[in-house]
Structure formats: C-alpha cells, structure tokens
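# Per-entry structural report
As a plain string of letters, each chain reads:
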Amino acid sequence: MPRLRCRRKFVIANARVENCAIIFCNDGFCHMCGYSRAEIMQKPCTCNFLYGPDTKRLAIAQMAQALLGSEERKVEINLYRKDEMAPCQFMFGKNIGLT
C-alpha cells in the first residue's frame, strides 16, 4: 500500500524556552521545506532558516508578535526550501490553549 502524504504540514514548538524551539515536525513539513527532521529540531519556530529575498519584514514582525501575544493569529509568509527554489507561501497559525 503506498504511503499517503500528509495534507497538513506543521511544527510544534516549546513556548517555555527562549527561542520557542521546534520539538516536532511532521513528514509533510520536512518534505515541503526540503530539510530532514534532525535538521529542523531545536530551530526557532519562526523558521528563520527558511527566510529568503521575498520574505517580507512585515510578515516576520507579525509572526514574532503573534508568538509573544496570547491571541490566535494567522500570517501569510513567503519561505524558501533548503534548495532555495522559488518561495512557497506558508500560512503561519498560532493555536492557544494547549498544555
């Protein structure tokens, strides 16, 4: 039976550490960005390792503000794959209330 690709691509971060380090990413996220899980683990959840020339500073600031705040927020941001192909548009969403 062929392996199904994940429709949702996501990371989970630890908000209790200084840089909100990524503690899990699913296979879909790894495939989408071109990095292995080992390369992604413990990176900041802002995914600054995926920033490129078309990543807007306003979107970066909005994402950082959302991480500091306590409300849910969605931000569209252009991020780049490891192989630096054309940017992919990502939707960053912060979910609140999970412990």
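Residues numbered from 1 in each chain as written. Predicted model: local features only at pLDDT ≥ 70, side-chain atom pairs only at ≥ 80, totals over all residues. Heavy atoms only, no water.

With an unreviewed UniProt entry as reference, the protein is termed PAS domain-containing protein, source organism Pogonophryne albipinna.

## What to know about the environment of Ser36
Where we set the bar: Strands here mean DSSP runs of E at least two residues long; helices mean DSSP runs of H or I at least four residues long; both are numbered from the N terminus. Accessibility here uses a 1.4 Å probe with only protein chains present; expressed as a share of the type maximum, an area under 20% marks a residue as buried, one over 50% as exposed, and anything in between as partly exposed.
Considering the arrangement of structural elements, one finds Ser36 in the loop between helix 1 (27–33) and helix 2 (37–40). A relative accessible area of 34% means that Ser36 is categorised as partly exposed. Between the alpha carbons of Ser36 and Lys82 there is a distance of 9.8 Å; along the sequence they are 46 residues apart.

## Thoughts on the nonpolar core
We apply this condition: By convention a nonpolar core is built from buried Ala, Val, Leu, Ile, Met, Phe, Trp, Tyr and Cys residues, the set being connected through side-chain atoms within 4.5 Å. Contacts were defined at the residue level, with two residues in contact if any of their heavy atoms lie within 4.5 Å.
The biggest cluster of nonpolar side chains holds 18 residues, and the ones touching the most others in it are Phe29, Ile40, Cys47, Phe49 and Leu50. Mapped onto this core, the elements with two or more residues apiece are strand 2 (22–25), helix 1, helix 3 (57–68) and strand 3 (73–79). With 4 residues, helix 1 is the largest single contributor of residues to this core. Discounting chain neighbours no more than four positions away, the residues touching Ile40 are Ile22, Cys25, Phe29, Cys30, Cys33, Tyr35 and Phe49.

## Here's the deal with unusual backbone geometry
Although it is not a glycine, Cys20 adopts a positive phi angle of roughly 50 degrees. For Cys20, the position within the fold is in the loop between strand 1 (11–13) and strand 2. According to the relative accessible area criterion, Cys20 is buried, its value standing at 16%. Unusually for a residue other than glycine, Cys47 sits at a positive phi of about 55 degrees. Considering the arrangement of structural elements, one finds Cys47 in the loop between helix 2 and helix 3.

## Regarding helix 3
The condition is simple: The span one expects for a helix is its residue count, reduced by one, times 1.5 Å. What the arc describes is the spread of directions from the helix axis to the C-beta atoms.
Here helix 3 contains 12 residues, and its C-alpha end-to-end distance of 17 Å stays within 8% of the 16 Å for a straight helix at 1.5 Å per residue. Every buried residue belonging to helix 3 is among Ala59, Met63 and Ala66, and all of these are buried. One face of helix 3 carries all of its buried residues, which in axial projection span an arc of 60 degrees. Pointing more than 90 degrees away from the buried face of helix 3 are the exposed residues Arg57, Leu58 and Leu68.

## Considerations on the side chain of Thr46
Turning to its location among the elements, Thr46 is positioned in the loop between helix 2 and helix 3. The contact partners of Thr46, leaving out residues within four places of it in the chain, are Tyr51, Met63 and Leu67.

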